[in-house]
Amino acid sequence: MTETEAAVVRRQIVVEAPLERAFTVFTERFGDFKPPEHNLLGAAIAETVFEPKVGGHIYDRGVDGSECRWARVLAYEPPDRVVFSWDISPRWQVETDPDNTSEVEVRFVAETPHRTRVELEHRHLDRHGPGWQSVRDGVGQDEGWPLYLTRYAAVFTDR
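Source: prediction; values computed, not measured. (Residues numbered from 1 in each chain as written. Predicted model: local features only at pLDDT ≥ 70, side-chain atom pairs only at ≥ 80, totals over all residues. Heavy atoms only, no water.)

**Quick word on the packing of helix H2 (residues 19-28) against helix H5 (residues 145-157)**
Part 1: Taken N-terminus to C-terminus, the directions of H2 and H5 make an angle of 120°; their axes are 11 Å apart at the nearest point. By the angle between their axes, H2 is oblique relative to H5. Crossing of H2 over H5 shows right-handed handedness. Residues Arg21, Ala22, Phe23, Val25 and Phe26 of H2 form the contact with H5, whose own contacting residues are Tyr152, Val155 and Phe156.
Part 2: Here the contact of H2 with H5 is composed, by residue class, of seven nonpolar, no polar and one charged. (Axes fitted to C-alpha atoms, helices over the stretch in contact; angles between N-to-C directions. Helix = DSSP H or I, 4+ residues; strand = E, 2+ residues; numbered from the N terminus. Parallel < 35°, antiparallel > 145°, perpendicular 65-115°, else oblique. Left-handed = near helix turned anticlockwise from the far one by under 90°. Contact = heavy atoms within 4.5 Å. Nonpolar A, V, L, I, M, F, W, Y, C, P; charged D, E, K, R; others polar.)

**Digging into the sheet that holds strand E5 (residues 81-86)**
Part 1: The antiparallel open sheet is built from seven strands, whose spatial order is E1-E7-E6-E5-E4-E3-E2. The sheet is open, and its two edges are formed by strand E1 (9-15) and strand E2 (45-50), each paired on a single side. Strand after strand, the sheet turns through a mean of 20° between neighbouring axes, direction not considered.
Part 2: In this structure, strand E4 (residues 67-77) lies alongside E5, joined through four bridges in antiparallel fashion. Across the sheet, residue Tyr76 finds its bridge partner in E5, namely Val82. (Pairing = 2+ DSSP bridges.)

And the structure:
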């Protein structure tokens, strides 16, 4: 495996939902499947907000009113794809230098009119600098993107 290949985490899941709904649920209900324990605030999360536009942010708002902006929306192309930065350092703190952040691209591919494949690629993890492998390992292991995607798919079965 090359260093470039090692700096990418890929995961996918199929959901029983039309393309447009799969995209909308991912962006408008991100806080419904983001694990509340994945929190840099130091306070319980009241909500997670995904601002649906290029230049928007993904952020957590604490019950105490505090906010943690941990991602920037880099591409917003409904219903096909969204790309956002991962502004969390290897020390699991907010990274303020955009040159030291990675990217998450999520593509939505219709398999049938009522089934969508969601392909997630977390790339450029090496941009995080020394210790970047801990970010890769954190997002790639079961409690990382696989947990998010499993919880995302469950949204469609919870009626």
